[in-house]
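# Observations on the three-dimensional arrangement
Take a look at the letters that make up each chain.
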Amino acid sequence: MIEPSALPATPGVLPPGGEQSRRPQSGTLQIAAVVVAALAVLGVLLGLVWIWWSPPRPVGFVVAPHAVQPDETEAFAAGDGRFAALTALAGVGGAIVVWYIRRLRGPLAVIALGLGGLIGAWLTEAIGHALGGGSSTGGTQTLITHLPLQLHMGGLRLIEAAIAVLGYGLFVAFAASDDLDVDDPQSHSVRLGGQPQDGWGHRDAPGALQQPNLASEQPHGQM
């Protein structure tokens with residue numbers, strides 16, 4: 001039986017119990033944190049764009065304390081639709097940018113995109129509502145001339161995260177390399193050298209014969 005220590009040192013293959021591991025390195029975690037922070041900052045900026053792009057909010061009538069009957073116009077649908085468009089573009093852009101960060105490729109990238117997308121969309125809504133002006137309070141039986149900007153379809157908060165994760169998943173699905181070409185010197189991906197049972201070849205390509213004596217043995221009658 002061949003001891004693990006007797007195996008030849010080959011690039012891309014580490015013996016069991018080596019110092020390197022598949023656990024995310026601290027640098028990779030920092031990159032993931034930067035992705036989450038960048039999507040959060042983008043969410044703040046998109047909140048300002050949402051305010052600028054949305055149509056004027058409709059009026060509302062205060063029928064009772066804390067009960068306002070809005071004048072339901074197309075402004076409600078337009079505001080929600082533009083929020084959806086902005087966050088969807090942020091999700092697509094996030095997926096593309098993160099895919100090109102080779103060191104981050106893998107499950108951690110999906111987590112960063114999902115978490116960052118949720119935080120970014122929430123900040124977009126919060127900034128738009130807080131800085132968009134308008135009021136939702138007033139005396140009973142009075143008219144409010146400008147309602148605040150707000151999201152009416154709660155499910156739209158998930159669009160950015162969902163599209164970011166889905167877009168990244170499409171990149172992974174159509175990747176040419178099984179290891180996603182991870183640009184990480186501490187990766188365990190099988191690169192040049194392959195596995196011992198594969199003859200130390202290049203990934204899945206055939207390597208040297210493990211029993212070279214078989215090459216000289218040919219059936220009788222064959223040249």
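Residues numbered from 1 in each chain as written. Predicted model: local features only at pLDDT ≥ 70, side-chain atom pairs only at ≥ 80, totals over all residues. Heavy atoms only, no water.

### Some points on the overall build of the protein
Helix and strand content of the protein: four helices and three strands. Overall, the protein shows an N-to-C arrangement of helices and strands of α-β-β-α-α-β-α. Out of the 223 residues belonging to the protein, those deemed buried represent 33%. Considering only intrachain contacts with a sequence separation of at least 6, the fraction spanning at least 24 residues in the protein is 71%. Here the protein has roughly 13,900 Å² of accessible surface; of this, 64% comes from carbon and sulfur atoms. (Helix = DSSP H or I, 4+ residues; strand = E, 2+ residues; numbered from the N terminus. Buried < 20%, exposed > 50% of the residue type's maximum accessible area, 1.4 Å probe, protein only. Contact = heavy atoms within 4.5 Å. Areas by Shrake-Rupley, 256 points an atom, 1.4 Å probe, with all protein chains shown as cover.)

### Brief notes about the packing of helix H2 (residues 74-99) against helix H4 (residues 159-173)
Angle between the axes and distance between the axes are the two parameters that describe a pair of packed helices. Interhelical geometry of H2 versus H4 gives an angle of 35 degrees and a closest axis separation of 7 Å. Our pair here, H2 against H4, has a crossing hand that is right-handed. On the side of H2, the interface is formed by Ala84, Thr87, Ala88, Ala90, Gly91, Val92, Ala95, Ile96, Val98 and Trp99, while H4 contributes Ile159, Glu160, Ile163, Ala164, Gly167, Tyr168, Phe171 and Val172. Residues of the contact of H2 with H4, tallied by class, amount to 14 nonpolar, three polar and one charged. (Axes fitted to C-alpha atoms, helices over the stretch in contact; angles between N-to-C directions. Left-handed = near helix turned anticlockwise from the far one by under 90°. Nonpolar A, V, L, I, M, F, W, Y, C, P; charged D, E, K, R; others polar.)

### Quick notes on the environment of glycine 91
Considering the arrangement of structural elements, one finds glycine 91 in helix H2. For the pair glycine 91 and leucine 166, spaced 75 residues apart in the sequence, the C-alpha separation amounts to 9.1 Å. Sequence-distant contacts of glycine 91, defined by excluding residues within four places in its chain, comprise Glu160, Ile163 and Ala164.

### What about the packing of aromatic side chains?
Scanning the entire structure with this criterion turns up three aromatic pairs. A ring pair is formed by tryptophan 99 and tyrosine 168, whose centres lie 5.8 Å apart and whose planes are at 70 degrees; its orientation type is edge-to-face. One end of the pair, tryptophan 99, is in helix H2; the other, tyrosine 168, is in helix H4, with 69 residues separating them in the sequence. Assigned by exposure class, tryptophan 99 and tyrosine 168 land together as buried. Centre to centre, the rings of tryptophan 99 and phenylalanine 171 are 5.5 Å apart; their planes meet at 10 degrees, and the pair counts as stacked. You can see tryptophan 99 sitting in helix H2 and its partner phenylalanine 171 sitting in helix H4, a full 72 residues away along the chain. By the ring-pair criterion, three or more aromatic residues cluster together here, those being Trp99, Tyr168 and Phe171. Directly above the aromatic system of tryptophan 99 lies the positively charged group of arginine 105, at a separation of 3.8 Å from the ring centroid. (Phe/Tyr/Trp six-rings, centres within 6.5 Å; stacked < 30°, edge-to-face > 60°. Lys NZ or Arg CZ within 6 Å of the ring centre and 35° of its normal.)

### Observations regarding the side chain of threonine 28
Along the polypeptide, threonine 28 turns up in helix H1 (residues 26-53). A relative accessible area of 7% places threonine 28 in the buried class. Setting aside chain neighbours within four positions, we find threonine 28 in contact with Arg103, Leu104 and Leu108.

### With respect to the nonpolar core
Judged by nonpolar contacts, the single largest core of 15 residues is most densely connected at Val35, Val98, Leu104, Ala109, Ala112, Leu113 and Tyr168. Contributing elements (two or more residues each) for this core: H1, H2, helix H3 (107-131) and H4. Here this core takes four residues from H1, the largest share from any one element. The residues touching tyrosine 168, leaving out its near neighbours within four places in the chain, are Ala95, Val98, Trp99, Leu104, Arg105, Gly106, Ala109, Val110 and Leu113. Judged by nonpolar contacts, the second largest core, of eleven residues, contains Leu46, Ala84, Leu149 and Leu151. (Core = buried A, V, L, I, M, F, W, Y, C linked by side-chain atoms within 4.5 Å.)

### Examining a nonpolar patch on the surface
A surface patch of nonpolar side chains, about 380 Å² in accessible area, is lined by Val41, Leu45, Leu48 and Leu131. Element by element, the count of residues in the nonpolar patch is highest for H1, at three residues. Within the element layout of this structure, leucine 131 appears in helix H3. The exposure class assigned to leucine 131 is exposed, which follows from its relative accessible area of 55%. (Patch = residues over 30% accessible without salt bridge, like charges linked within 9 Å, V, L, I, M, F, W, Y side chains within 5 Å. Salt bridge = Lys/Arg side-chain N within 4 Å of Asp/Glu carboxyl O.)

By themselves, these observations are geometric and do not establish any function.
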